[in-house]
Amino acid sequence: MTTTAGNTKAYADSSGSFTRRGPRFTDRILASPTQDGEWPVEPGRYRLCVSLACPWAHRSVIVRRLMGLEDVLSMGITDPLQDDRSWRFTLDEGGVDPVLGIRYLEEAYLARDPENGTENGVSVPAIVDIATGQLVTNDYPQITIDLGKQWAAHQRPGAPVLYPDELRDEIDEINSGVFHDVNNGVYKAGFATTQARYEEAYTALFARLDALDERLENQRYLVGDHITEADIRLFTTLARFDAVYQAHFKCNRQKLAEFGALWAYARDLYQTPGFGDTVDFDHIKRHYYMVQTTINPTQVVPLGPDSSAWLTPHHREELGGSPFGPDGTPPEPLEHPLRPLGPIDM
């Protein structure tokens, strides 16, 4: 039996509104660092630590795969079930990450800052300097942007441009609304401790989903004619919506599968290499339903929904555009493809 990794009431303010704590460590890994807080891009130097259950970490898993960085940035996967010390490497032999030699991700946080390393909690994704065992960054919004741009010298041929300069303002605008109302909105609904704050989050969430549904009726992707950072950030929430958020977080006006363009768009991305093959519904459901015991005290995990619906035809190609842009190509198939209903081997 696992214990909850934190009482959800601790994350709500006096009005009952859920408050997300920002990343504690915001150093960056850059191609040409020039000052303190900037680390050099070096193949083999760092380890990306993720949970396949976590939507914020899932973004970095997708980008690492789309960019073809598997051989230069190794990845450690935590157990979807946390205990009082949070993310742990119990999926690995002996319960120890084979590269970092640690049992808990908090050890990397405390190696960086023994006094206050875990004051904002222990979150994923986290990039760790292998030689020192110190956390470099847990700045999840910046990690994916930097993997897409700063690691360009080590990316595979045909890797997509996820954050093109000419679309940056539009991507940022979309990302801001999606973060507040959708990515974080489902948590604001699920962790609200008053009816009023729940209803505010619920209303904003579905207003934004309706707007996105309308936006996607006549364009294949959120911004431009190929996949960008905006699509990745929205996808990781959509992938978890019917499996978790719709019921567990009381976001139950309708299922994702009951939308029109938005559901077809989500299936289009899921069937694109780098997206569906990085989804693990088993990890996702076990984490939310077994760890968040203030919401689900029985820890019973639902069997549905049927994930085969994600593989049904979407017909989005008729809108034009291509996933990786006119000069891009898909990443190589995984040697061990992810199974929609099973664990990952990566």
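Placed above this text is the structure.
Scoring rules and cut-offs
- Residues numbered from 1 in each chain as written.
- Predicted model: local features only at pLDDT ≥ 70, side-chain atom pairs only at ≥ 80, totals over all residues.
- Heavy atoms only, no water.
- Helix = DSSP H or I, 4+ residues; strand = E, 2+ residues; numbered from the N terminus.
- Expected span 1.5 Å × (residues − 1).
- Buried < 20%, exposed > 50% of the residue type's maximum accessible area, 1.4 Å probe, protein only.
- Arc of directions from axis to C-beta.
- Contact = heavy atoms within 4.5 Å.
- Core = buried A, V, L, I, M, F, W, Y, C linked by side-chain atoms within 4.5 Å.
- Polar contact = N/O pair within 3.5 Å; in protein donor to acceptor, adjacent residues only side chain to side chain.
- Phe/Tyr/Trp six-rings, centres within 6.5 Å; stacked < 30°, edge-to-face > 60°.
- Lys NZ or Arg CZ within 6 Å of the ring centre and 35° of its normal.
- Pairing = 2+ DSSP bridges.
- Axes fitted to C-alpha atoms, helices over the stretch in contact; angles between N-to-C directions.
- Parallel < 35°, antiparallel > 145°, perpendicular 65-115°, else oblique.
- Nonpolar A, V, L, I, M, F, W, Y, C, P; charged D, E, K, R; others polar.

Draft legend 1. Representation of helix α6 (residues 195-215) in the model. Over its 21 residues, α6 extends 30 Å from the first C-alpha to the last, a length consistent with the 30 Å expected when each residue adds 1.5 Å. Inspection of α6 places Tyr 198, Ala 201, Tyr 202, Leu 205, Phe 206, Leu 209, Leu 212 and Asp 213 among the buried residues, and these make up the whole buried set. Buried residues in α6, looked at end-on, bunch into an arc of 120°, giving them a common side. Those residues of α6 that are exposed and aimed more than 90 degrees away from the buried face are Thr 203 and Glu 214. On its buried face, α6 sits against α4 (168-183), α5 (185-190), α7 (229-248) and α8 (261-270).

Draft legend 2. Main features of the environment of Asp 210. Its place among the elements puts Asp 210 in helix α6. The exposure class assigned to Asp 210 is partly exposed, which follows from its relative accessible area of 34%. Dropping the residues within four chain positions of it, Asp 210 is found in contact with Arg 253 and Phe 259.

Draft legend 3. The nonpolar core, seen in detail. Judged by nonpolar contacts, the single largest core of 96 residues is most densely connected at Leu 105, Leu 209 and Leu 262. The dominant element in this core, judged by the number of residues it contributes, is α7, at 10 residues. Beyond its immediate sequence surroundings of up to four residues, Leu 209 is in contact with Val 182, Leu 238, Phe 241, Phe 259 and Leu 262.

Draft legend 4. Broad picture of the side chain of Thr 278. Tracing the backbone shows Thr 278 in the loop between α8 and α9 (281-291). Within the structure, Thr 278 has its side chain in polar contact with the side chain of His 58 (distance 2.9 Å). A polar atom in the side chain of Thr 278 sits 3.1 Å from the backbone oxygen of Gly 274.

Draft legend 5. Fine view of the side chain of Ser 60. Take Ser 60: it is sitting in helix α1 (residues 55-67). Ser 60 has contacts with Leu 48, Val 50, Pro 125, Ile 143, Thr 144 and Leu 147, leaving out every residue within four places of it along the chain.

Draft legend 6. Just the packing of aromatic side chains, in detail. In the structure shown here, the tally under the stated rule is 25 aromatic pairs. Aromatic pair Phe 281 and Trp 310: ring centres 6.3 Å apart, planes at 35°, arrangement tilted. Residue Phe 281 is found in helix α9, and its partner Trp 310 is found in the segment after α9; the two are separated by 29 residues along the sequence. For Phe 281, a relative accessible area of 5% corresponds to the buried category. Among the residues examined, Trp 310 registers a relative accessible area of 8% and is labelled buried. The rings of Phe 18, Trp 56, Tyr 140, Phe 179, Tyr 187, Phe 191, Tyr 245, Phe 249 and Tyr 288 are connected pair by pair, giving a single aromatic cluster. Lying across the ring of Tyr 104, Arg 85 places its NZ or CZ 4.1 Å from the centre. Seen from the ring of Phe 324, Arg 156 lies directly overhead, with NZ or CZ sitting 5.9 Å from the centre.

Draft legend 7. The arrangement of unusual backbone geometry in detail. With omega at 5°, the peptide bond leading from Val 124 into Pro 125 counts as cis. Within the fold, Pro 125 resides in the loop between α2 (106-112) and β5 (126-129). Of note, the bond from Gly 304 into Pro 305 is cis; its omega dihedral lies within 30 degrees of zero at 0°. As for its position among the elements, Pro 305 is in the segment after α9.

Draft legend 8. Broad picture of the sheet that holds strand β3 (residues 46-50). If you trace the 4 strands from one edge of the open sheet to the other, you get β4-β3-β5-β6, paired in mixed fashion. If you trace the sheet from one side to the other, it starts and ends with β4 (74-77) and β6 (134-137), each paired once. Looking at each pair of strands side by side, their axes are set apart by 35° on average, direction ignored. Sitting on the sheet, α1 is in contact with β3 and β4, with an inclination near 130° to β3.

Draft legend 9. Structural detail: the packing of α4 against α7. Where α4 contacts α7, the axes come no closer than 9 Å and their chain directions differ by 10°. Our classification of the angle between α4 and α7 gives roughly parallel. Here α4 contributes Ile 171, Ile 174, Asn 175, Val 178, Val 182 and Asn 183 to the contact with α7, which in turn contributes Glu 229, Ala 230, Arg 233, Leu 234 and Thr 237. Residues of the contact of α4 with α7, tallied by class, amount to 6 nonpolar, 3 polar and 2 charged.

Draft legend 10. Summary view of α8. Of all 10 residues making up α8, 10 are buried, and the element is well covered by its neighbours. Every buried residue belonging to α8 is among Ala 261, Leu 262, Trp 263, Ala 264, Tyr 265, Ala 266, Arg 267, Asp 268, Leu 269 and Tyr 270, and all of these are buried. Contacts from the buried residues of α8 go to α6, α7 and α9.

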